[in-house]
Structures are given as C-alpha cells and as structure tokens.
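# Close look at the chain arrangement
The lines below spell out each chain.
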Amino acid sequence: MSDSDVRPLVAGNWKMHGLKAGLDQALKVRDAVSAAGFAAPVDVMICPPATLVMVLGELAGGGRLLVGGQDCHTAAQGAHTGDVSAEMLKDAGATAVIVGHSERRADHGEMDRHVRDKAAAANRAGLSAIVCIGETAGQRAADLTLDVVRRQLENSVPDGATAANTIIAYEPVWAIGTGLTPTADDVETVHGAIRVALVQRFGEDGARMRILYGGSVKPDNARELMSIDNVNGALVGGASLKADDFLRIVGAYGT
Ligand code: 13P
C-alpha cells in the first residue's frame, strides 16, 4: 500500500490558550468542515485546553470536527490532584489525546517511558494517542536527529499500538514557535526513517500509521510540507488559534 492511501489529519494544538470567548474560532472551523461543500479527504481536530474539551465536545456534537486533549494521566482515576485521565477526556467528547509533547517533556520532566504509559492509557480509554517526538537544536547540530527520533519512537510508543489507535507527530523542538522549519529534504528523511521503524515493529499497521509534521506549520508552507512523502498531516500550534489560518492549512488537502 502507498502512503497516499493514509487518510491525513490536521490537528490544532491550542496549548495553554483559549477562554470560552475563543471558542468562536473553533466554531468557525466546525462550520467550515461540516459544510456540504467540504469534501476534502482529511480529518480535522482541535485540542483545546482541558477546561474547554467538554464544551467543545458538545459543540462539535460528534460531527466532522474532532476534539482532542493535550495530555492525560496514566491512571483511569485516583488521588492525583490536578490531573485528568484519558477516560475523563473520552467522557468529555475527545477522540484523541496528545502525549509526550516536547513542552511537557521539558516543563514536567516527562520521559519516554511516561509517554509510553500515557499512550497506553489513552488506548485503554478508547482514545487515539498522538505521540510526539523530535530532536532539540543541540541534538540536530550534533547530527543526532535520526538516533533521537528512533529512540523516542521505540520507547514512547506502546507495544499494542495500531494504525487506528496511534498517530506519530514529528515535531523538531527548534521548529516549534520559531518560524523555522526543516527543509523538505530533511522532513522527508526523518519521516522516511520513522516509517521504516514503524513497519519493522508493527508491520502493516506501521505502514498505515499516520505521521504528522509539527513545528511552525503556517498557511504559506502547509502545501509544501503536506506534499512530502510520509507526511500524513500536521500538528499545528500558533496558526491553529485563528480559524482562517487553520482552515487555510486544512485547505492544503483541497476543499
Ligand atoms: P507551532 O505551530 O506554534 O510552531 O507549534 C507546533 C506545536 O508544538 C504543535 O504541537
């Protein structure tokens, strides 16, 4: 099977942005992707902060706009003040959750084994895990990109991963929020290496698992990035906060 048979996903990661008043942007996205004329072969998701998952889940109403969380605890419930479980996100209307984002790895000391357990928790709850990997500027300068990405992939993705319950997001840390992106050749090399590793470990599921690119995806570079082999969509930060920008990125798949 070819990579072009994989249905792409464009997911917006709102990070710690968004009050109720900001939901008008999500509603604009919902309405655009739900319109009769919207036939693009792409899934569209917004991952708002935890406070807005339930309300957006209700507003999305099981329609074409998918809703995701940004993190989950490994346990289904328990004495973990301030944490949110995958089951709670599912109950609130999410169908997926981001795990192992580099900001969580940096801010909360999350390591590959934590990320793997969170991904397994997401799958247990019936959510897809969007597992983030990517090298820092220093690792890139030391020519360690492929080593780092392969190691993170090996250790952050649980054994039970399937094409249906797992999505990989390659996000070079130095490209996040900086306006910098790797060259198309570099993206192709890394995504190609991820694909090879996924196929070796998961066979046919590895061939069909979506691999998103993230890091300074904008309306004016989305089409080029999304056309690269083994890039099956995008994980978008800043540009997902404005509906018009986000919809132009979704439009890279033709609307
Ligand atoms: P930016 O699109 O703002 O660079 O963020 C990317 C990201 O971290 C998405 O998870």
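Data block above holds the structure.
Definitions and limits used
- Residues numbered from 1 in each chain as written.
- Predicted model: local features only at pLDDT ≥ 70, side-chain atom pairs only at ≥ 80, totals over all residues.
- Heavy atoms only, no water.
- Helix = DSSP H or I, 4+ residues; strand = E, 2+ residues; numbered from the N terminus.
- Buried < 20%, exposed > 50% of the residue type's maximum accessible area, 1.4 Å probe, protein only.
- Near = heavy atom within 4 Å.
- Polar contact = N/O pair within 3.5 Å; in protein donor to acceptor, adjacent residues only side chain to side chain.
- Areas by Shrake-Rupley, 256 points an atom, 1.4 Å probe, with all protein chains shown as cover.
- Nonpolar A, V, L, I, M, F, W, Y, C, P; charged D, E, K, R; others polar.
- Pairing = 2+ DSSP bridges.
- Axes fitted to C-alpha atoms, helices over the stretch in contact; angles between N-to-C directions.
- Contact = heavy atoms within 4.5 Å.

### Quick notes on unusual backbone geometry
We note that Lys-15 has phi near 50°; this positive angle belongs to a residue other than glycine. Relative to the helices and strands, Lys-15 is located in the loop between β1 (9-13) and α1 (23-34). Not every positive phi belongs to a glycine, and Asp-143 is a case in point at roughly 65°. Tracing the chain through its elements places Asp-143 in the loop between α6 (137-141) and α7 (145-156). Residue class for Asp-143 comes out exposed when judged on its relative accessible area of 69%.

### With respect to the site of the ligand
The environment of the ligand is made up of 13 residues, and the closest members are Lys-15, His-101, Gly-177, Ser-216 and Gly-238. At a separation of 2.8 Å, an oxygen atom of the ligand approaches a polar side-chain atom of His-101. At 2.7 Å from an oxygen atom of the ligand is found a main-chain nitrogen or oxygen belonging to Gly-177. Computed on the free molecule, the ligand has an accessible area of 310 Å², of which 97% lies beneath the protein chains in the complex. Partitioning the shell around the ligand into residue classes produces 4 nonpolar, 7 polar and 2 charged.

### Here we look at the sheet that holds strand β3 (residues 65-69)
The sheet built from 8 strands closes into a barrel, its strands ordered β1-β2-β3-β4-β5-β6-β7-β8 with parallel pairing. Adjacent strand axes in the sheet meet at a mean angle of 25° when their direction is disregarded. Along the sheet, helix α5 (residues 112-124) makes contact with β4 (96-99), β5 (128-133) and β6 (166-170), crossing β5 at roughly 160°.

### Here we look at the side chain of Ser-216
Here Ser-216 shows up in the loop between β7 (210-214) and α10 (222-226). For Ser-216, a relative accessible area of 8% gives the class buried. Among the polar contacts made by the side chain of Ser-216, one reaches the main-chain carbonyl oxygen of Ala-175 at a distance of 2.6 Å. Ignoring any residue separated from it by four or fewer positions in sequence, one finds Ser-216 in contact with Ala-175, Gly-177, Thr-178, Gly-179, Leu-180, Thr-181 and Asn-221.

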